[in-house]
Amino acid sequence: MKISELKLNHPCFAAGKTGNTENGRIHLPVSPGCNIECRYCERSVNNFEEAPGVSGGVISPQEAVEALSRALELCPEITVAGIAGPGDTLATPYAIETFRLIKQKFPKLITCMSTNGLMLPERIEEVAANVDSLTVTLNTLNAATGAKIYNAVYYGGKRYTGIDAAEVLLENQLTGIEKAAAAGVTVKINTVLIPEINGDEIAGIAEKASSLGAGIFNIIPLLPRAHFRNFAAPGCDQISSAREQAEEYIKVFRHCGHCRADAVGKLGGKDFRDAVFLNLPEVENTFSHG
Ligand code: CLF
Ligand code: SF4
């Protein structure tokens, strides 16, 4: 789907100061596992935290469709069915399976997927056929920086660490972004701003993302958690400056809500998740999406 269409009815693809407060989104928590280890990722299953990837549990694709029906009755402004965790959406088959069911039952909804990009090149055909808007979390273009952010990457049956892990991930992210954009999927780049680690790299990431065909950029301020719990979160000035640098190259989304993996409703508005996800089965803690 083209970004010109999305910016009218997708709350996370509207650039500029005002954003889009008319439309809502639902996150369907169908993706339990992850294939990389980000050092800022906190694995958490709970009902109280507002953070990416935190979820009250994990549901099946069929349960996700039922939850979506309930959500649309409670909040008809929902235009986007998203999957953002609590793990990575391409580490298991459930996200694509869920999007297939949604495309059959609710063909007018925008399907939105968020991924770390590791499996994107291999699964690009399934993604292009089932996903309208795609977010890839790209935190650096530099393998040495990546080695500080990622503890490990699991790919092709091997566990990679250090620079090797960062190189495998980066290569797949860049190839995946380019292929997705070329296939007509609108791509948003999420970059977690970790001032002490990638604070100087934002302009370069934005420039590269734009050259690969991404349409919009979102800077996510670090939530100091997990291995990075002692790192400083960026202040307002640092966030504004990073956005201004990125804006030289690409449109910037400014209204990110650090959503949970089971958020339901308009950004910043009432959350309907308790009425939508009934008796969420608790699972072993999973990685969170950033
Ligand atoms: Fe969800 Fe992400 Fe799709 Fe939006 S959220 S998968 S693009 S429908 Fe949006 Fe929430 Fe920020 Fe994500 S405000 S955390 S950017
Ligand atoms: Fe996986 Fe996302 Fe957590 Fe990173 S932030 S380890 S990609 S779930």
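The structure presented is a predicted model; accordingly, all values stated were derived computationally and were not measured. (Residues numbered from 1 in each chain as written. Chains lettered and ligands numbered in written order. Predicted model: local features only at pLDDT ≥ 70, side-chain atom pairs only at ≥ 80, totals over all residues. Heavy atoms only, no water.)

## Structural notes on the overall build of the chain
Here comes step 1: Helix and strand counts for the chain come out as 10 helices and 11 strands.
Here comes step 2: Its C-alpha radius of gyration of 17 Å places the chain within 12% of the 19 Å reference for a compact globule of 290 residues.
Here comes step 3: With the principal axes as the frame, the chain shows a C-alpha extent of 45 × 40 × 35 Å.
Here comes step 4: Accessible area for the chain stands at about 12,100 Å²; split by element, carbon and sulfur atoms hold 49% of it.
Here comes step 5: Taken as two groups, the 27 positive and 33 negative side-chain charges of the chain have centres that lie 3 Å from each other. (Helix = DSSP H or I, 4+ residues; strand = E, 2+ residues; numbered from the N terminus. Rg over C-alpha atoms; globule rule 2.2 N^0.38 Å. Areas by Shrake-Rupley, 256 points an atom, 1.4 Å probe, with all protein chains shown as cover. Lys, Arg positive; Asp, Glu negative; His and termini not counted. Charge placed at Lys NZ, Arg CZ, Asp CG, Glu CD.)

## Considering helix H3 (residues 94-105)
Here comes step 1: With 12 residues, H3 should reach 16 Å at 1.5 Å per residue; the first-to-last C-alpha distance of 17 Å fits that figure.
Here comes step 2: The inward-facing, buried residues of H3 abut helix H2 (61-74), strand S3 (78-83), strand S4 (110-115) and helix H4 (124-130). (Expected span 1.5 Å × (residues − 1). Contact = heavy atoms within 4.5 Å.)

## A look at the site of ligand 1
Here comes step 1: What surrounds ligand 1 is a group of 15 residues, the closest being Cys12, His27, Cys112, Cys256 and Cys259.
Here comes step 2: A per-class count over the shell around ligand 1 returns 7 nonpolar, 6 polar and 2 charged. (Near = heavy atom within 4 Å. Nonpolar A, V, L, I, M, F, W, Y, C, P; charged D, E, K, R; others polar.)

## Quick word on the packing of H2 against H3
The relative placement of two packed helices comes down to the angle between their axes together with the axis-to-axis distance.
Here comes step 1: Running from N to C, H2 and H3 point in directions that differ by 45°, and their axes come no closer than 9 Å. Taken together, H2 and H3 sit at an angle that is classed as oblique. When the axes of H2 and H3 are compared, the crossing they make is right-handed. Residues Pro61, Gln62, Ala64, Val65, Leu68 and Ser69 of H2 pack against Tyr94, Glu97, Thr98, Leu101, Ile102 and Lys105 of H3. (Axes fitted to C-alpha atoms, helices over the stretch in contact; angles between N-to-C directions. Parallel < 35°, antiparallel > 145°, perpendicular 65-115°, else oblique. Left-handed = near helix turned anticlockwise from the far one by under 90°.)

## What to know about the sheet that holds strand S5 (residues 133-137)
Here comes step 1: Taken in spatial order, the 8 strands make up an open sheet running S10-S9-S8-S5-S4-S3-S1-S11, and their pairing is mixed. If you trace the sheet from one side to the other, it starts and ends with strand S10 (251-253) and strand S11 (264-266), each paired once. Between one strand axis and the next, the sheet turns through 25° on average, direction left out of account.
Here comes step 2: Looking at chain direction, strand S1 (residues 24-27) and S3 are connected through 4 bridges and run parallel. (Pairing = 2+ DSSP bridges.)

## Considering the pairing of S3
Here comes step 1: The buried fraction of S3 amounts to 6 of the 6 residues, a majority that puts the element mostly inside the structure.
Here comes step 2: As a crossover connection, the stretch from S3 through H3 into S4 is right-handed. (Buried < 20%, exposed > 50% of the residue type's maximum accessible area, 1.4 Å probe, protein only. Right-handed = clockwise from strand over helix to strand, strands pointing away.)

## Observations concerning the pairing of S1
Along any regular strand, the residues point their side chains to alternate faces of the sheet.
Here comes step 1: Of the two faces of S1, both are covered, the one formed by Gly24 and Ile26 as well as the one formed by Arg25 and His27.
Here comes step 2: Relative to S11, S1 runs antiparallel, the two being bridged by 3 bridges. Bridge assignment links arginine 25 to a residue of S11, and that residue is glycine 265.

## So, helix H8 (residues 202-212)
Here comes step 1: Listed as buried for H8 are Ile202, Ile205, Ala206, Ala209 and Leu212. Across the axial projection of H8, the buried residues extend over an arc of 130°, all falling on one side.
Here comes step 2: Lining the buried residues of H8 we find helix H6 (162-182), strand S8 (186-193), helix H7 (195-198), strand S9 (216-221) and helix H9 (236-247).
Here comes step 3: One or two positions beyond H8, positive phi appears at glycine 213, with a value near 110°. (Arc of directions from axis to C-beta.)

## Observations regarding the confidence of the model for the chain
Here comes step 1: On average, residues of the chain score 90 in pLDDT, and 91% of them reach the 70 mark or higher.
Here comes step 2: Across residues 283-288, where pLDDT falls below 50, the model places 24 contacts with residues more than four positions away in sequence or in other chains. (pLDDT = per-residue confidence, 0-100.)

## Notes on the sheet that holds strand S6 (residues 150-155)
What holds strands together in a sheet is hydrogen bonding between their backbones, with the strands either parallel or antiparallel.
Here comes step 1: Strand order in the open sheet formed by 3 strands is S2-S6-S7, and the pairing between neighbours is antiparallel. On the outer flanks of this sheet lie strand S2 (36-38) and strand S7 (158-160), each paired with one strand and no other. Here the strands of the sheet are splayed against their neighbours by 20° on average, with no regard to which way each runs.
Here comes step 2: Looking at chain direction, S6 and S7 are connected through 3 bridges and run antiparallel. Within the sheet, the bridge partner assigned to valine 153 lies in S7 and is tyrosine 160.
Here comes step 3: Contacts between H6 and the sheet are confined to S2, S6 and S7, with S6 contributing the most and set at about 60° to the helix.

## Here we look at the nonpolar core
Here comes step 1: If you look at the biggest cluster of nonpolar residues, it comprises 73 residues, and the most contacted ones within it are Ile26, Leu28, Leu134, Val187, Ile189 and Phe217.
Here comes step 2: For this core, the leading source of residues is H6, giving 8 residues.
Here comes step 3: Not counting the four nearest positions on each side in its chain, phenylalanine 217 is found in contact with Ile189, Thr191, Ile202, Ile205, Ala206, Ala246, Ile250, Lys251, Val252 and Phe253.
Here comes step 4: If you look at the next biggest cluster of nonpolar residues, it comprises 11 residues, including Cys112, Ile216, Cys259 and Ala263. (Core = buried A, V, L, I, M, F, W, Y, C linked by side-chain atoms within 4.5 Å.)

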